[in-house]
Structure formats: structure tokens, C-alpha cells
Amino acid sequence: MYSYSWDIDTGGLLLNSSQLNFSKEPRPVYYKELDILGFDQYWQYGRNDMYPYMWAEANNYYYRGRLVAKTKGGSIYTAPEIIIVENPEPNGMPLRFVDIPAMVEKNRDLLEKLVQDTIKKIYNTYVEYREKVDVFYVAFSGGKDSVVALDLVQRALPHNKVKVLFGDTKMEFPDTYDVVDKVEKDCKEEGIDFLRSRSEFDPEYTWDKFGPPAQTMRWCCSVHKTAPQIIKLREYTENPHFRGMAFTGIRGDESASRSEYEEVSLGEKVRGQYSCHPILEWNSAELFIYMYERNLILNDAYKKGNSRAGCLVCPLATSKNMFFKEQSYSVGDDGKRTTTTFNDMMLGSKAPIVP
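Here the structure is a predicted model, which is why all the values come from computation and not from measurement. Per-chain numbering applies: the sequence of each chain, read as written, is numbered from 1 onward. In keeping with the model being predicted, local features are shown solely for residues with a pLDDT of at least 70 and side-chain atom pairs are shown and tallied solely at 80 or more, while totals for entire chains, interfaces and linings include all residues. Here the side-chain values reflect all heavy atoms present in the structure, with hydrogen atoms and water set aside.

Caption draft 1: A look at the pattern of salt bridges. When a carboxyl oxygen of Asp or Glu lies within 4 Å of a side-chain nitrogen of Lys or Arg, that pair is called a salt bridge. Enumeration over the complete set of coordinates arrives at 28 salt bridges. Note that K106 and D7 form a salt bridge whose closest N and O atoms lie 3.1 Å from each other. A residue pair is termed long-range when its members are at least 10 positions apart, and K106 in helix α2 (residues 100-106) and D7 in strand β1 (residues 2-7) qualify at 99 residues. Throughout this description, buried means an accessible area under 20% of the type-specific maximum (1.4 Å probe, protein chains only), exposed means over 50%, and partly exposed covers the range between. Residue classification places K106 among the partly exposed positions, given a relative accessible area of 43%. Here R196 makes a salt bridge to D181, at a shortest N to O gap of 2.5 Å. With R196 in strand β10 (residues 194-198) and D181 in helix α5 (residues 174-189), this residue pair connects regions lying 15 residues apart in the sequence. Every helix listed is a DSSP run of H or I at least four residues long, and every strand listed is a run of E at least two residues long, numbered separately from the N terminus.

Caption draft 2: Structural detail: the confidence of the model for the protein chain. Confidence scores labelled pLDDT are given residue by residue by the predictor and lie between 0 and 100. On average, residues of the protein chain score 89 in pLDDT, and 90% of them are at 70 or above. Contacts are assigned to residue pairs with any non-hydrogen atoms lying within 4.5 Å of each other. Low pLDDT (under 50) marks residues 333-343, which in the prediction has 25 contacts with non-local residues, meaning those over four places away or in another chain. Taken as a whole, residues 345-355 scores under 50 in pLDDT and shows 30 contacts with residues more than four places along the chain or in a different chain.

Caption draft 3: View of the packing of helix α4 (residues 144-156) against helix α8 (residues 284-294). Remark: α4 packs on α8, axes separated minimally by 10 Å, with the N-to-C direction vectors making an angle of 60°. By the angle between their directions, the pair α4 and α8 is classed as oblique. The two elements α4 and α8 cross, and the hand of that crossing is left-handed. Residues K144, D145, V147, V148, D151, L152 and R155 of α4 lie in contact with α8, whose contacting residues are L287, F288, Y290, M291 and R294. Its residues assigned to classes, the contact of α4 with α8 shows 7 nonpolar, no polar and 5 charged. Between N-to-C directions, angles span 0 to 180 degrees; the directions come from axes that are lines fitted to C-alpha atoms, helices contributing only their stretch in contact. When an angle is under 35 degrees it counts as roughly parallel; over 145 it counts as roughly antiparallel; between 65 and 115 it counts as roughly perpendicular; any other value is oblique. What makes a crossing left-handed is the near helix being turned counterclockwise from the far one by less than a right angle; a clockwise turn instead makes it right-handed. The nonpolar class holds Ala, Val, Leu, Ile, Met, Phe, Trp, Tyr, Cys and Pro. Asp, Glu, Lys and Arg form the charged class, and all remaining residues, Gly among them, are polar.

Caption draft 4: Highlighting the pairing of strand β2 (residues 12-19). For two strands to count as paired, DSSP must find a minimum of two bridges between them. Bridge count between β1 and β2: 6 bridges; the pairing is antiparallel. Pairing of Y4 across the sheet is with L15, part of β2. The turn joining β1 and β2, which pair antiparallel and follow one another in sequence, is formed by 4 residues; a positive phi near 75° is taken by G11.

Caption draft 5: Geometry of the nonpolar core. If you look at the biggest cluster of nonpolar residues, it comprises 59 residues, and the most contacted ones within it are F140, V148, L152, F247 and W282. What F140 contacts, discounting residues up to four positions off in sequence, is S146, V147, L150, V164, L165, F166, G167, V179, V180, V183 and F194. To form a nonpolar core, buried Ala, Val, Leu, Ile, Met, Phe, Trp, Tyr and Cys residues must be joined to one another through side-chain atoms within 4.5 Å. Residues L34, Y45, Y63 and F324 belong to the second largest nonpolar core, which totals 17 residues.

Caption draft 6: Inspection of the sheet that holds strand β4 (residues 54-57) at higher detail. Taken in spatial order, the 5 strands make up an open sheet running β3-β4-β5-β6-β7, and their pairing is antiparallel. The sheet is open, and its two edges are formed by β3 (27-29) and β7 (81-84), each paired on a single side. Strand-to-strand, the axes of this sheet are offset by a mean angle of 30°, without reference to chain direction. One ladder, built from 4 bridges, connects strand β5 (residues 60-63) with strand β6 (residues 66-72); its direction is antiparallel. Along β6, the bridge assignment pairs Y61 with A69.

Okay, structure coming up:
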């Protein structure tokens, strides 16, 4: 939606009124990511994740508006090479946090316009389709996009007119389950129905039958997410022929295919079901500013360098992201590698470890 620039004063992002044609998907960088990559060999910083220290666009790391480092290469078990461009602070002084409160305040007016336009679209969609749809629900994944979509939908619609549905593949990030548990608790306190769906098949069984999920055969989503969600909604509505409207966190900047989505469609994601993508035109700059403004929960997976928090064994992950996963989730509290790591699964083991 809006273009953005680096704000030297706050170390954050500054939205501009001009439209953004292409987003580089900036994301906040916390100390855990810096540690995993090995930046502690070059820079001083406190190990406190209250706020991020800098931002990253792909492999480029920006500190208070300046490109200070890049990463290159890397693989599942090999850390990417660190290329220092310049020192973030003079004389090796410790890094400073991004001034999140000041960043939020500077962006308040532009962000509020975007938010109100989005809330209006969500409400108008509800009004237009409420006679055609048996159940409205937020397709909740525990990632940043669905957290924002859920908050916006709850602000837009009457209380409990929309349900929350988490499709548990049993192969999610461990940190994702923490987010889901908290959101479920919050929903229950607010009297909002929170539903969980799971396949009747364990991952061990389906991996044995189909092999590891692959880019050319991504059976995992249909077997472990989409089909169980439809079954759960049939049970919930007591209607095998129900018509649902899913509010999703899909954004066009995430991929070329998603950029072609319409805001509301029938059968685009699931045959016979409606989908509404209220934040389709949002970029990640707007998304993170909104999360900080609303103090929304941020999945710890992002703080560990993972750019996405989908299925732990997603075959679409880049080598760098697989390295972050290996470092984040394949080492126990004692610092030792677990018997089977998630990458062992991707490289041939039949059965994944699930929480």
C-alpha cells in the first residue's frame, strides 16, 4: 500500500503517502537472530527482546537507515557468510533499540487511514454476504498476518459473529503453538468461539504413505489443513453443505501468485467456499507498525530469524530459513541436538517430531 523509508531518528520505518509498487518486505531483527547468525562476534548488544535492534530486507541488514551488513549463502547446517559493510555504532558502542513508541507515533495518521479503510471493507463484506454464508471465520495460523487479520476482523464485526479456526497440521513451529494457546485463551475470555481442526491421520502415517512434502507434491496442506478445517466446520454448523466465508491473512506481497488474488472470491482457496483477504494490499512495513501500535502478540519464530511461521517442514523454505529452523528447533534446552531434527525429516526420515 504505502511506500516507506528508513527513519534515522527512531531507527524504524516511516510510511509515506505515495503508493508502493513493490515491497522488499522489511522485518524487525531481534537479538536472537543476531546470535544465531554470529553477529555477536562483531557487535555489542544486550540480550533483551523487548524491542528489535534493526531491520532486514532479505539478506540486507539496516541500522538507523544505513546498510550495515549482508549475509550470503548458507545451507541447512552451514551458517550464511556475514559481510560487514560498516559499523552500526562508533567505537564499537552497543547497539540501540529501535524506538518503537516514537516510530508508532510518527506513523499514526497514515496508518489510521489504512486501518479504517480495511475495517470498512471487512464490515461491508460481512453485510453483503451474511445472507449467503452460514459461518464467518478467521483462518488463524499463529503467524503475523493472521494475528493482524484477526484483530481487524474483531474490530470490524459484531461480537462473536465471526469464529476463529486454527488448522493444526501437528507440524507447526513450537512457538506457533504458544501463540495459538494464548489467542485461544483470550477468545474464550471474550466469549468468542475458537475451533481447532486436525487430520484423523498422524503425520507419521501420511509421511509413510506419501513421503516428505515436496514442492511438486504439497499434499501436506490438503491432508493436514484444508480437509480437516472443512470437516470441523461441517461439525460445528451441523450442516454438511455449509457455505463459509474465511477471513485470511493473505497478502499480495508474499508471492507472485497471491498478488493475483481478488479481495473476495468463491472457490479461490477452497472449492465452494468464500474467501476474503482484508490485508491483501498491506505490506510488511504497515503490518509490523500496526502490531506494535496495538501491542499484538508476535510469534517468537520471527525473533529467531524466520521470515515466515508456517509449517515447520514446509518444502518451500529457502536454505537460509532452513538454517534458522535447524538452529532454533533442533537443539534442546541443554544445548545438545535432539535425536531427530526437522531437517532430518526433510532429508529422508519418515516421521516428524510433533509437540
